[in-house]
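# Geometric and topological summary
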Amino acid sequence: MSIDACARHDLTDALWELLEPLLPAPPARGRPRLYPLRDMINAIRWRTRVGAPWRDIPARYGPWWRAYALYRAWQLAGVWERIEAALVSQADAEGKIDWRVSVDSTTCRAHVHAAGARKDSPQQVEGEPEDHALGVSRGGWSTKVHAAVDAACGMLAGVLTAGQAADGPMMIPVLDKIRVQRPAGGRPRTRPQMVLADKAYSSRANRAWLRAHHIAAIIPVKVDQAAHRKARGRLGGRPPAFDPTAYKDRNTVERCFGQLKQNRAMATRYDKLAVRYLATTHIASIDHWLKRLT
């Protein structure tokens, strides 16, 4: 039996069985849905994986504009983020999250189609930053994705900035976004067991924040910081503790980015609005958690 090449990444019955209960309930009023929801979601996933223009979505999924309308409506309503959060919560309930969290960023080049957003978009679209999370870095216009990743390469939280933004100041905003709901209710889990990060995050503010939240910091010290402490003698205090063996696991965040960037609409930004591109990162992450839970 031949398999349609376009369909080889569509939702399997097992994935759909896991995803369907997390979707918004159909409206009680109005006309019934003309096109199957599963096909529309597969169309959105196809576009995320391939990075093609919305108009190039294969006709077998239904009208392209229906798929885009669903993608946009669910982005505005925060549905993609809620689906991802529900999957992360389920993974945690099943003991599939390792709370040794790594933090880092990856730069995603912006396609020419990402330019030209309306100047009044931040006023009209909730959550849209003034700079649209677009900036000029060494390779040109780009967006930077800052993420906190568990030890099995699953993204727990993410923040977008312009491509030229520094990594260090973004550690606390990223870690502050971790909210994993507990199935039995109560306060969500927000505190990792430890945080692994490279030298870019070795600042006094970051270490103080981790210490105040009782989180072990596995972060190497910059050469200039070590030299400054040594020059102060006894006033410099003791150097921060560092576990080189535990630090070897920091590669999980790089592997996570490598997996997420298999989705070309994430590896290259085509969306004009940052909130749309952030929804694309959620969709890429949803695929990871679906496969991890099956």
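Residues numbered from 1 in each chain as written. Predicted model: local features only at pLDDT ≥ 70, side-chain atom pairs only at ≥ 80, totals over all residues. Heavy atoms only, no water.

When the UniProt feature table is mapped onto this chain, "domain: Insertion element IS402-like" (unreviewed entry) is found at residues 11-83. A helix fraction of 53% and a strand fraction of 0% characterise residues 11-83, whose end C-alpha atoms lie 15 Å from each other. (UniProt positions renumbered as here; feature names shortened; annotations may be inferred. Helix = DSSP H or I, 4+ residues; strand = E, 2+ residues; numbered from the N terminus.)

With that out of the way, let us pick up the environment of I218. Of note, I218 is situated in strand β6 (residues 216-218). Sequence-wise, I218 and T294 are 76 residues apart; in three dimensions their C-alpha atoms are separated by 32 Å. Excluding its chain neighbours within four sequence positions, the residues that come into contact with I218 are M194, V195, L196, A197, F242, D243, A246 and Y247. (Contact = heavy atoms within 4.5 Å.)

Before going further, it helps to spend a moment on the environment of H228. With respect to the helices and strands, the residue H228 is situated in helix α8 (residues 223-231). Given a relative accessible area of 52%, H228 falls into the exposed group. C-alpha of H228 to C-alpha of R187: the two residues are 41 residues apart in sequence and 41 Å apart in space. (Buried < 20%, exposed > 50% of the residue type's maximum accessible area, 1.4 Å probe, protein only.)

Our next topic: the pairing of strand β4 (residues 155-162). With eight of eight residues buried, β4 is to be regarded as a mostly interior element. As paired elements, strand β3 (residues 140-149) and β4 share seven bridges and run antiparallel to each other. Among the inter-strand pairings, K144 is bridged to a residue of β4, identified as T161. Between β3 and β4, which pair antiparallel and follow one another directly, the connecting turn spans five residues, one of which, C153, has a positive phi of 70°. (Pairing = 2+ DSSP bridges.)

The final tally for this structure, using the stated rule, is twelve salt bridges. E94 is the salt-bridge partner of K96, the closest N and O atoms lying 3.2 Å from each other. The exposure class assigned to K96 is partly exposed, which follows from its relative accessible area of 32%. For the salt bridge of K144 with D167, the shortest nitrogen-to-oxygen distance reads 3.3 Å. Taken together, the residues span a long stretch of sequence, with K144 in strand β3 and D167 in the loop between β4 and α6 (171-176) at a distance of 23 residues. In terms of burial, K144 and D167 fall into one category: buried. (Salt bridge = Lys/Arg side-chain N within 4 Å of Asp/Glu carboxyl O.)

Inspection of the secondary structure puts T252 in helix α10 (residues 251-260). Aside from chain neighbours lying at most four places away, what touches T252 is S102, V149, D150, A151 and C153.

What follows deals with helix α4 (residues 79-93). Compared with the 21 Å implied by 1.5 Å per residue over 15 residues, the 21 Å span of α4 between its first and last C-alpha is a close match. Burial in α4 covers these residues: V79, W80, I83, E84, L87, V88, S89, A91 and D92. In this fold, the buried residues of α4 make contact with α1 (13-19), α2 (37-50), α3 (64-76), β4 and α12 (274-293). Directly after α4, the chain includes G95, whose backbone phi takes a positive value near 70°. (Expected span 1.5 Å × (residues − 1).)

Below, the discussion takes up the nonpolar core. Proteins that are soluble and globular tend to have nonpolar side chains buried together. One finds I41, W74, W80, I83 and L175 to be the most contacted residues of the largest nonpolar core, which totals 53 residues. Those residues in contact with I41 that sit more than four places away from it in its chain are L11, W16, L19, L23, L70 and W74. In this structure, M155, M266, A274 and A284 belong to the second largest nonpolar core, which totals 16 residues. (Core = buried A, V, L, I, M, F, W, Y, C linked by side-chain atoms within 4.5 Å.)

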